[in-house]
Amino acid sequence: MTSGYRSQQGYLVLADISGYTAFLTGTEIEHAQGIILELTTLIRERLTPPMRFVKLEGDAVFCYAPDTAFPDGERLVELLEVCYVDFSNRLLNMARAATCHCTACASIDTLGLKFVAHYGGYVVEQDGDRQDLAGGDVILVHRLLKNSIGEDLGIPAYAFFTAPCLEKMPAAFKLPQHMETYESFGETTGGVHDLEPVLRDMRKSHREYLSSAEADGEFTIDVPAPPAVVWGYMVDPLQRWRVERGPLHKHPDEDERNARGRTGNGAKSHCTHALGAAMREIVDWRPYSYYTMRGTNQVWGGHIMAGRMTETIELTATDDGGTRIHTRVRLTDRGIFAKLAFAPAKFLLPLSARAWQRNWRKIVEEDGLDRDPVPASEELRLPVENG
């Protein structure tokens, strides 16, 4: 008789609130539990989708995603970074807004957040509307929560990516190595991503954001998929080409990562199409919210310069769980001749919007972005057969 389960490969992630035990036992239980509930809810909202929530395990949120959810492992890194930044900002805001003088409210800033991410096999156990995961890799990722990273490296806030998970990352993405040894599993190696520098950089980095009032041209597109999923398509050159391709856009962009081997501030993109070329550099990178690029467009083989411009791509969630993509452009040269040269391109923006909207509808249908990525009735459980 077969087991009735199908083994799958994917990402297993635990987000663990550090300092939880001391916080809970040394403070008023009612306020402490309310604070923890708010924070774990925030974590769950930031990780899902594209990940899928499994369960809350005290102070830890357990999620998973099939390998297709992150064709580029860098998107997983971004997801955890943004979750940590939002968690830290929420802690800061809660501490500032607290008017209660109880020990729990006064101890909010003692809490922290760490992640463990592993890539491996698992089976999904379905019990009505509830799911749980089983398998050796599931046990391992839970064991990894008890580690010596803080003691050995002195890093309190981190994301530990195991070696199988790092294999999904860009080759230029390098992290300090760490090893743990567990009974039945032996040595487990991986890389430690310090999240405190990420938080500092995000808080101090310069914002360059175009509003509708500042734009010389703008169009919007609605996509029936959540922002975190749409973001992954917009920043991946091959997926972006699927959205933008048409008579004038026959080849994917050539993207160049920044000095840290990441897509973000300093990364560049070179687009060649039928009417010319565009060279852009990312100057403001806010994952799942917006990114801004500066660059130069050339048309008609470079004989006419459309000039330097700034472009902001913003994603906002819609009430139905989808995403509204706002594309805004502004010329750097504010002179009359630059605006006249831009006039044909501005005329084409509505045409591009309609074409991209059609392409998005096709992509959503082909990739199932508007559906549960792992339908419980079809993928998670197979009929039991007698053998």
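Since we're looking at a predicted model, the values are computed, not measured.

### Observations concerning the overall build of the protein chain
Logical step 1: When helices and strands are tallied, the protein chain shows 12 helices and 15 strands.
Logical step 2: A buried classification covers 48% of the 387 residues belonging to the protein chain.
Logical step 3: A separation threshold of at least 6 residues defines the contact pool for the protein chain, and within that pool the share at least 24 residues apart is 66%.

### Considering the pattern of salt bridges
Logical step 1: This model, assessed by the stated rule, comprises 22 salt bridges.
Logical step 2: With a closest N to O distance of 3.2 Å, Glu 38 and Arg 90 form a salt bridge. Here Arg 90 lies in helix 3 (residues 74–97) and Glu 38 lies in helix 2 (residues 29–47), a separation of 52 residues in the sequence.
Logical step 3: The partly exposed category is assigned to Glu 38, whose relative accessible area is 34%.
Logical step 4: Classification of Arg 90 as partly exposed rests on a relative accessible area of 26%.
Logical step 5: With a shortest N-O distance of 3.0 Å, Arg 262 and Glu 81 are connected by a salt bridge. Taken together, the residues Arg 262 in the loop between strand 10 (254–256) and strand 11 (268–273) and Glu 81 in helix 3 connect sequence positions 181 residues apart. Taken individually, Arg 262 and Glu 81 each receive the classification buried, so the pair is uniform in this respect.
Logical step 6: Each of Asp 72, Glu 74, Arg 75, Glu 78, Glu 81, Arg 257 and Arg 262 takes part in salt bridges that share partners, so that together they form one network.

### Comments concerning unusual backbone geometry
Logical step 1: Here the amide bond leading from Thr 48 into Pro 49 is cis, since omega sits at -20 degrees, within 30 degrees of zero.
Logical step 2: For Pro 49, the position within the fold is in the loop between helix 2 and strand 2 (52–57).
Logical step 3: Here the amide bond leading from Pro 49 into Pro 50 is cis, since omega sits at 15 degrees, within 30 degrees of zero.
Logical step 4: By the element assignment, Pro 50 lies in the loop between helix 2 and strand 2.
Logical step 5: Here the phi dihedral of Ser 184 falls at roughly 80 degrees; this positive angle occurs in a residue that is not glycine.
Logical step 6: With respect to the element layout, Ser 184 can be found in the loop between strand 7 (177–182) and strand 8 (186–194).
Logical step 7: Of note, Tyr 288 is a non-glycine position whose phi angle comes to about 75 degrees, a positive value.
Logical step 8: Under the relative-accessibility criterion, Tyr 288 is labelled buried at 15%.

### Here we look at helix 5 (residues 136–143)
Logical step 1: Inspection of helix 5 places Val 138, Leu 140 and Val 141 among the buried residues, and these make up the whole buried set. For helix 5, the arc enclosing every buried residue in end-on projection is 160 degrees, short of the 170-degree limit, so these residues lie on one face.
Logical step 2: Residues of helix 5 that are buried sit in contact with strand 1 (8–18), strand 3 (60–66), strand 4 (112–127), strand 5 (130–134), strand 7 and strand 8.

### Thoughts on the nonpolar core
Logical step 1: Among the nonpolar cores identified, the biggest contains 75 residues, and Ile 43, Met 51, Leu 76, Leu 113, Phe 115, Phe 161 and Trp 360 are the most heavily contacted of them.
Logical step 2: For this core, the leading source of residues is helix 3, giving 11 residues.
Logical step 3: Membership of the second largest hydrophobic core comes to 21 residues, among which are Leu 12, Val 138, Leu 140 and Tyr 158.

### Section: helix 10 (residues 237–244)
Residues three or four positions apart in an α-helix share a direction because the helix packs 3.6 residues into each turn.
Logical step 1: Of all the positions in helix 10, only Gln 239, Arg 240, Arg 242, Val 243 and Glu 244 are classed as buried.
Logical step 2: Its side-chain oxygen at 3.0 Å from the backbone nitrogen of Leu 238, Asp 236 defines the N-terminal cap of helix 10.

### Thoughts on the confidence of the model for the protein chain
Logical step 1: Here the protein chain averages 83 in pLDDT, while 83% of its residues score no lower than 70.
Logical step 2: Put simply, helix 12 (residues 376–380) is where the protein chain has its lowest mean pLDDT, 34, and strand 6 (residues 158–162) is where it has its highest, 96.
Logical step 3: Within the model, the stretch residues 300–305 combines pLDDT values under 50 with 10 contacts to residues more than four positions away or in other chains.
Logical step 4: Segment residues 373–387: pLDDT under 50, and 33 contacts once partners within four positions in sequence are set aside and those in other chains are kept.

### With respect to the side chain of Ser 269
Logical step 1: Relative to the elements of secondary structure, Ser 269 occurs in strand 11.
Logical step 2: Within polar-contact distance, the side chain of Ser 269 engages the side chain of Asp 255 at 2.9 Å.
Logical step 3: Residues in contact with Ser 269, not counting those within four places in the same chain, are Arg 240, Asp 253, Glu 254, Asp 255, Ala 278, Met 279 and Arg 280.

Parameters at a glance
Residues numbered from 1 in each chain as written. Predicted model: local features only at pLDDT ≥ 70, side-chain atom pairs only at ≥ 80, totals over all residues. Heavy atoms only, no water. Helix = DSSP H or I, 4+ residues; strand = E, 2+ residues; numbered from the N terminus. Buried < 20%, exposed > 50% of the residue type's maximum accessible area, 1.4 Å probe, protein only. Contact = heavy atoms within 4.5 Å. Salt bridge = Lys/Arg side-chain N within 4 Å of Asp/Glu carboxyl O. Arc of directions from axis to C-beta. Core = buried A, V, L, I, M, F, W, Y, C linked by side-chain atoms within 4.5 Å. Polar contact = N/O pair within 3.5 Å; in protein donor to acceptor, adjacent residues only side chain to side chain. pLDDT = per-residue confidence, 0-100.

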